[in-house]
Amino acid sequence: MQTTEAGFEKLGAEYLQDPHAVHERLREVGPVSELVLPRGLKVWVVTRHEEARIALSDPRFSKNFAAAGDLFGKHLQPGVARREFDQSFASHMLNMDPPDHTRMRKLVNKAFTARRMEALRPRIQEITDRLLDEMEGRSEVDLLDALAFPLPITVICELLDVPLDQRDDFRIWSGTLLTDSTQEEINEAAASMYAFLAGLIQSKRENPGDDIFSALVHASEDDDRLNEAELISMAFLLLVAGHETTVNLIGNGVLGLLRNPDQLALLLADRSLLGNAVEEFLRIDGPINMATFRYTAEEAELGGVTIPAEEFVLVSLLSANRDPEKFPEPAKMDITRATGGHVAFGHGIHFCLGAPLARLEGAVAIGSLLDRFDLDLAGEPSQALKWKDSTLLHGLERFPISLSPR
Ligand code: HEM
């Protein structure tokens, strides 16, 4: 940990490998800390649970970046190269306040209800079983490659009726756009992603089906409820949000069980605990560390801290979910604990659209994996597991496990 010339703490690359230790210290200092992120951006980070819920749902913390000035220009630290992000995918509801957010969310809300998702259970089970069949006979696999990545991407592609043949390319592009990458890598990935999404929308225009994308194309053409940039951005949001996160729920959840054999034994002995166990995985090591950017349109007070106007505000969901004021002994995994109120899916109007789907996929994947195999961490114990270089995503880069049939 270093201090910048202006006096705020700079989070180093080591923060990303063990964010919990830093959060614990920050929470003790106060509910909100002024920090510089590893990639050189100055932000205010909310680390306590009560203030996190406020910042996630209070309109003083805006997401309408179209109305903001050049906040990146203002808050990048001196000497840090600026990376331009392609704006072609930015016009989606996670970057909007009401009334635009309300208009966009209404178009997709009905398609993702818990009831609709529950109807997908047999198909999710089928895809999971096929992936587990492919693991049969192998003594070691990377769990992310074998199950945690292909399951959610297959489900979201089927749900949106998107061809699966480019799913590995898609994984690379979205990974590049969401983690700390170079400008050149970002440009290349964004161009490929744009071509892919534009092609997809064109094909829905020519051959509409009864899938969600076709309905969105219809909304953009006939009712003028969605413009072209919003259409591309919505496609991007649904596809990326639909798989970059659930992979970490499955990965982090299984890792948590392997590191806590008593909890694994408990779950194996009583499968009715599975639903609550998934909530505990989301709480203790959720797929997202810091939720997406917000900013203060005007000066705002939060938990006794005054944040000036035009500052970035980030909420660390990971930290809020380990606030001892809300969850006693927060670092202890307990699959029987009361998990209500965790913020792994956010809070307020941007609460995750895909939460019912993610919960279902997490439960089916982890439950079925445990039914079929005995698992262990693979590789040298000295080879520490590496976490992704991202303040957004909290997930492993690779997850080698050894397995034997149960
Ligand atoms: C929003 C987490 C899976 C679609 C969010 C937010 C969080 C989140 C924290 C709010 C971000 C903020 O307020 O800054 C997660 C986690 C997942 C998951 C932890 C998996 C375990 C999914 C899936 C979909 C999805 C499977 C598929 C459709 C969305 C969308 C939004 C969103 C569209 C934006 C909602 C809005 O702005 O109104 N998610 N998500 N998510 N999520 Fe998820």
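Shown above is the structure to which this text applies.
This is a predicted model, so every value here is computed, not measured.

Chemist: Before we go on, may I ask you to explain the nonpolar core in this structure?
Modeler: Within soluble globular proteins, side chains that are nonpolar generally end up buried alongside one another. Among the nonpolar cores identified, the biggest contains 92 residues, and Leu197, Leu239 and Phe399 are the most heavily contacted of them. With ten residues, the single largest contributor to this core is helix 18 (residues 355–372). In this structure, leucine 197 is in contact with Phe89, Ile232, Ala235, Phe236 and Leu239, ignoring residues within four places of it in sequence. Core analysis: the next-biggest nonpolar cluster, separate from the first, contains 18 residues, Tyr15, Ala68, Met290 and Leu314 among them.

Chemist: Looking at this model, I keep getting lost on the environment of phenylalanine 112. Mind explaining?
Modeler: Looking at the secondary structure, you find phenylalanine 112 in the loop between helix 5 (100–109) and helix 6 (114–118). Using a relative accessible area of 5% as the deciding quantity, one classes phenylalanine 112 as buried. In sequence terms phenylalanine 112 and valine 141 are 29 residues apart; their C-alpha atoms lie 32 Å from each other. Discounting residues that sit within four places of it in the chain, phenylalanine 112 has contacts with Met117, Ile156, Leu159, Ile212, Leu238, Leu353 and Pro356.

Chemist: How should the side chain of histidine 23 be read in this particular structure?
Modeler: With respect to the helices, strands and loops of the structure, histidine 23 is situated in helix 2 (residues 19–29). Under the relative-accessibility criterion, histidine 23 is labelled buried at 1%. When near neighbours in sequence (up to four residues on either side) are disregarded, histidine 23 contacts Tyr15, Asn289, Ser316, Leu318 and Ser319.

Chemist: So what exactly am I meant to see when it comes to the coordination of the iron atom of the ligand here?
Modeler: Perfect tetrahedral coordination of a metal by four donors corresponds to 109.5 degrees between them, and perfect octahedral coordination by six donors corresponds to 90 or 180 degrees. There is one protein donor for the iron atom of the ligand, and it is Cys352 (SG), at 2.3 Å. Secondary-structure assignment places cysteine 352 in the loop between helix 17 (317–320) and helix 18.

Chemist: How should I be thinking about the site of the ligand in this particular structure?
Modeler: For the ligand, the set of nearby residues contains 26 residues, the closest of which are His101, Arg105, Thr292, His350 and Cys352. The side chain of histidine 101 places a nitrogen or oxygen atom 2.6 Å from an oxygen atom of the ligand. The contact in question runs from an oxygen atom of the ligand to an N or O atom on the side chain of histidine 350, over 2.7 Å. Secondary structure elements with two or more residues in the shell around the ligand: helix 5, helix 13 (228–244) and helix 14 (246–259). A per-element tally of the shell around the ligand places helix 13 first, with three residues.

About the thresholds
- Residues numbered from 1 in each chain as written.
- Predicted model: local features only at pLDDT ≥ 70, side-chain atom pairs only at ≥ 80, totals over all residues.
- Heavy atoms only, no water.
- Core = buried A, V, L, I, M, F, W, Y, C linked by side-chain atoms within 4.5 Å.
- Buried < 20%, exposed > 50% of the residue type's maximum accessible area, 1.4 Å probe, protein only.
- Helix = DSSP H or I, 4+ residues; strand = E, 2+ residues; numbered from the N terminus.
- Contact = heavy atoms within 4.5 Å.
- Donors = N, O, S within 2.8 Å, 3.2 Å for Na, K, Ca; no water.
- Near = heavy atom within 4 Å.
- Polar contact = N/O pair within 3.5 Å; in protein donor to acceptor, adjacent residues only side chain to side chain.

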